[in-house]
Amino acid sequence: MDYIIPLVLLTYTSIMALLSLESRSLVYGAISLAGFFIGLSLFFFLLNLPYLGVFQLLVYVGAISVLILFAVMVIGEHQKAGEVRRFRAFGLVGGLLLALAMAFAGIILLMSFLDVSFAPLYSVLVYVAPVVVLITFVVLFVGEPKGRSHYRYRAFGVLGAALIFGSFTGVFSYLGGLNAFSGEVPFDVGRLADFVMNNYGFLMVVLGLLLASAAYGAVALAKKEKEEEEEER
Amino acid sequence: MASSTRRDFFKALLAGVAIALLIGVALDVVLLYRPLLDVLSYLFTNPSLILIHPLFMVLIFPGLGFVGIVAVLAIWGERKFAAKVQNRVGPLYAGALPGGILQPIADLLKLLFKEIIIPKDSDRLVFVMAPVAAFLMGAAPVALVPYSPSYVIFDFPLSLLLFFVFTGFFPMVLLLAGWSSNNKFSFIGGLRALYQQASYEIPMFLSALSAVMLAKSFSLMDIAKAQTGVWFIVLAPISAVVFFTAVLAELEKFPFEIPEAESEIVAGWMTEYSGMTYGLYWFGIYVKLVAFSGLFAVLFLGGWNGPLIPAPWWMIIKVGVVATLIISTRAFFPRIRIDQLISAGWTKLIPLALFNILILVALQPWLVRLLS
Amino acid sequence: MLEADQGLYWFVVFVLIMLESGLLFYLIPMLLAPRKRSALKEETFEAGQVPPGSKRIRFALQYYAYLLLFLVFDVTIMFLFLWGFSFVNSGPWGFIYPLALVGVLIPPLVFTVKLSKAMDLW
């Protein structure tokens, strides 16, 4: 029961990420990306880092997703909202297979944290997961229609993602899992504040200056120049 | 071709809503099976225990029932108050109760039976689902506000920040609502609502930071408990004013009513919405009003603390007072232009909030002695 | 993680009930309200003409600078919120660093707001 929730969350997050890549409509992709960020923040809550989870929601979903949506809507303004079609079929099937593969890898990851001795299941899954990844690769590589064969190279991206994910799994199991993060020491904002101020205080000030200057730079780049204004008249 | 796909969409939507409701009811049964049995057993053995059972809290106070009643009273109160100030009568004839109090119920019944019109070439799924999302984002924060040491639905150590998370989701929903209507005016109205609410979130967070500094905790329960001696509005009055102004902007009440201004861009982002989609937006906004009134009462007005009367009643009184203050602005203020509105948020409110924070920081030694 | 006596459980129940009531408010009109569609009803509501072309995009981008500012400050308040907890325990540095952060943010804020307010540039 304990590992059902992280597994469901893993599947949800993977599916959201896939939807944001595969949707034909940019707006649906942006909404799926926001859903992905929500899933990520729920992972932070599970890892006993509620402060980070809350700020992931506030910053990524509340500000960054809004900016992405805004940009997509304004630039695609000439396109009527109802005319776009939703998702690419092959990408979706391949993506679902990938979600399945990552769910398998996630089960292996979780069992290594929880020191569950499901030896037979473990050994089966260790062989099933790579097979699923290979099937995904083949589907994505072969499945694109002739006119869009340049999309086949996404299959290599999927392979790379699965390899990275697998290596993370191996490293984490070797290091004894994420037990250090879960639940033994309750989260305390005071300790976090002390830690940040004492060790990273100066870096925090530098970061603030960097961010604010970046905002000014972005605004200065985005505004009209005098010549453009003359053109518009 | 187009009309047959639209008809299919409607049937698909009906099926989807029905299935979702059935799954929801099934989940309710699964989750509430044992608590319901507990409550029923209390009914026969010790009825007063029901009053502090979580199921009571979710369904009646401070959950669904209380929120519904306060929202209805707020809708009626806004129209009646504005009418009286403007030397009119306001709602009068609806139903048996005097004063037209049932008028919002009559409006709800009317909206329930209106046709659902989905504009041509709009993004149908987003168009239909946006009001539900707006309603949820307005209703979820109600569970975080504590009405007494035992009356809170969800007591989370970072509940203030979680409240702000739901506040931060709202502009995204408005943006989607404006865009999905496929109407230039709606889209521009949605953008304006986005600019307004985004600009006033930072003053809101900064003024809430004053209350957090005084209480040394992000939990709304702890902030309310820290005000047993003196209310925070006495210690941080500037922040209270800034927070109240930011709340007015978030709720799109006067003088910040540009996104819904009738004489400017029809109804802004709500232009294409009719029937129950429109009704859900309004109900969501008034539920958000209840949530924010509760938040203001907890942050600055001392929460449930007060002499003589038991705790939840003080909170109800304070929520009522704050909600009345918020809705009375309709009668007193003109509408501010959008560029004045946004620049006021950035140039005037943020320095005021920062000023109050600096005062609190400077006075920290005395405050620690005062509050311990 | 989700036991019946925990707040999170009841929060999920509360959100579920609110979602259901919202969907119920949809179900009733979908079942009971008339459904007489016509092309005119579904036309977008227009009053006056907004001329086509780049003016429309610029019109929508008028206050975009404030959204960028909001993003930056949303990240910054993550550190500022720690101020309330740090200067009691962490000694003088817990007090000075956030103060320096605020001080460092003020000039860019002032200049950016000035740039955003100059309407002729947007």
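What counts as what
Residues numbered from 1 in each chain as written. Chains lettered and ligands numbered in written order. Predicted model: local features only at pLDDT ≥ 70, side-chain atom pairs only at ≥ 80, totals over all residues. Heavy atoms only, no water. Helix = DSSP H or I, 4+ residues; strand = E, 2+ residues; numbered from the N terminus. Buried < 20%, exposed > 50% of the residue type's maximum accessible area, 1.4 Å probe, protein only. Contact = heavy atoms within 4.5 Å. Areas by Shrake-Rupley, 256 points an atom, 1.4 Å probe, with all protein chains shown as cover. Domains from an automatic or database assignment. Buried area = accessible area lost by both parts, 1.4 Å probe. Polar contact = N/O pair within 3.5 Å; in protein donor to acceptor, adjacent residues only side chain to side chain. Nonpolar A, V, L, I, M, F, W, Y, C, P; charged D, E, K, R; others polar. 1 Å grid on protein atoms, 1.4 Å probe; cavity = no way out; pocket = protein on both sides within 12 Å on 5 of 7 lines; lining within 4 Å. Points joined across faces, edges and corners; volume = space filled by probe spheres on them. Axes fitted to C-alpha atoms, helices over the stretch in contact; angles between N-to-C directions. Left-handed = near helix turned anticlockwise from the far one by under 90°. Salt bridge = Lys/Arg side-chain N within 4 Å of Asp/Glu carboxyl O. Phe/Tyr/Trp six-rings, centres within 6.5 Å; stacked < 30°, edge-to-face > 60°. Lys NZ or Arg CZ within 6 Å of the ring centre and 35° of its normal.

A.B. asks: Please set out the overall build of chain A residue by residue, giving values where relevant.
C.D. replies: When you go through chain A residue by residue, the secondary structure sums to 8 helices and 0 strands. Helices and strands appear in chain A in the N-to-C order α-α-α-α-α-α-α-α. Here chain A, with 233 residues, has 39% of them falling under the buried criterion. In chain A, the proportion of contacts linking residues at least 24 apart, taken out of those at least 6 apart, comes to 68%. If you sum the accessible surface of chain A, you get close to 12700 Å²; carbon and sulfur atoms cover 72% of it.

A.B. asks: Lay out the domain arrangement of chain B with the relevant residues and their values.
C.D. replies: Residue and element names in this part refer to chain B. Taken as a whole, chain B is organised into domain 1 (1-59) and domain 2 (61-371). With centres defined by C-alpha atoms, the gap from domain 1 to domain 2 works out at 26 Å. Regarding the contact of domain 1 and domain 2, the summed buried area is about 1100 Å², with carbon and sulfur atoms giving 63% of it. Run the count over domain 1 and domain 2 and you get 4 residue pairs in polar contact (both at pLDDT 80 or more). Of all the secondary-structure elements, those providing two or more residues to the side of domain 1 that touches domain 2 are α1 (2-45) and α2 (54-59). Across the side of domain 1 that touches domain 2, the residue classes break down as 8 nonpolar, 1 polar and 1 charged.

A.B. asks: So what's going on with the side chain of B:Ser159? Which residues, and what values?
C.D. replies: Residues and elements named next belong to chain B. By secondary structure assignment, the location of Ser159 is in helix α6 (residues 159-180). Residue Ser159 is classed as buried on the basis of its relative accessible area of 1%. In this view, Ser159 contacts Leu144, Phe218, Ser219 and Leu220; residues no more than four positions away in its chain are not counted.

A.B. asks: Please give an account of empty space enclosed by the protein that cites residues and values.
C.D. replies: Gaps left between atoms show up when a probe the size of a water molecule is rolled over them. For the structure shown, the criterion picks out 5 cavities of 30 Å³ or more. Taken as a whole, the largest cavity encloses approximately 70 Å³ of empty space. Contributing to the lining of the largest cavity are B:Leu206, B:Ile350, B:Leu354, C:Phe73, C:Leu80, C:Val102, C:Leu105, C:Ile106 and C:Leu109. Elements that contribute at least two residues to the lining of the largest cavity include exactly α13 (338-362) of chain B together with α3 (64-80) and α5 (91-117) of chain C. Taken together, the residues of the lining of the largest cavity sort by class into 9 nonpolar, no polar and no charged.

A.B. asks: I'd like to hear about the packing of helix α5 (residues 124-139) of chain B against helix α1 (residues 7-32) of chain C, residue by residue, with values.
C.D. replies: At a minimum axis distance of 10 Å, the contact between α5(B) and α1(C) shows a crossing angle of 145°. When you trace α5(B) past α1(C), the crossing you get is right-handed. Contact residues: B:Val128, B:Pro131, B:Val132, B:Phe135, B:Leu136 and B:Ala139 in α5(B); C:Phe14, C:Val15, C:Met18, C:Leu19, C:Ser21, C:Gly22 and C:Tyr26 in α1(C). Classifying every residue of the contact of α5(B) with α1(C) gives 11 nonpolar, 2 polar and no charged.

A.B. asks: If you had to explain the interface of chain B and chain C to someone new, which residues and values would you point to?
C.D. replies: If you look at the interface, chain B gives 87 residues, while chain C gives 66 residues. One can count 0 salt bridges joining chain B with chain C. The interface formed by chain B and chain C contains 2 residue pairs in polar contact (both at pLDDT 80 or more). Those elements giving two or more residues to the side of chain B that touches chain C turn out to be α1, α2, α4 (103-112), α5, α6, α7 (184-215), α11 (276-299) and α13 of chain B. Taken together, the residues of the side of chain B that touches chain C break down into 62 nonpolar, 14 polar and 11 charged.

A.B. asks: Which residues make up the packing of aromatic side chains, and what values do they have?
C.D. replies: Inspection of the entire model under this criterion finds 35 aromatic pairs over all chains. Centre to centre, the rings of A:Phe70 and C:Tyr64 are 5.4 Å apart; their planes meet at 10°, and the pair counts as stacked. Remark: C:Tyr64 occurs in helix α3 and A:Phe70 occurs in helix α3 (residues 50-75); the pair is interchain, linking two chains. Using a relative accessible area of 1% as the deciding quantity, one classes A:Phe70 as buried. Its relative accessible area of 22% is what places C:Tyr64 among the partly exposed residues. Feature note: the residues A:Phe70, B:Tyr195, B:Trp346, C:Tyr63, C:Tyr64, C:Tyr66 and C:Phe73 constitute an aromatic cluster, connected by ring pairs. Against the face of B:Phe170 rests B:Lys288, its NZ or CZ located 3.7 Å from the ring centre.

A.B. asks: How would you sum up the interface of chain A and chain C? Please name residues and give values.
C.D. replies: Of the residues lining the interface, 44 residues belong to chain A; the matching set on chain C comes to 43 residues. Together, the buried faces of chain A and chain C total about 4100 Å²; carbon and sulfur atoms form 78% of this surface. Inspection of the chain A/chain C interface yields 0 salt bridges. In this assembly, chain A and chain C are joined by 1 residue pair in polar contact (both at pLDDT 80 or more). Going through the elements one at a time, α3, α7 (189-222) and α8 (226-232) of chain A are the ones with two or more residues in the side of chain A that touches chain C. Element by element, the count of residues in the side of chain A that touches chain C is highest for α7(A), at 24 residues. Taken together, the residues of the side of chain A that touches chain C break down into 30 nonpolar, 6 polar and 8 charged.

A.B. asks: Which residues make up the environment of C:Ile96, and what values do they have?
C.D. replies: Residue and element names in this part refer to chain C. Turning to its location among the elements, Ile96 is positioned in helix α5. Overall, the relative accessible area of 37% leaves Ile96 in the partly exposed class. Placed 13 residues apart in sequence, Ile96 and Trp83 show a C-alpha to C-alpha distance of 9.7 Å.

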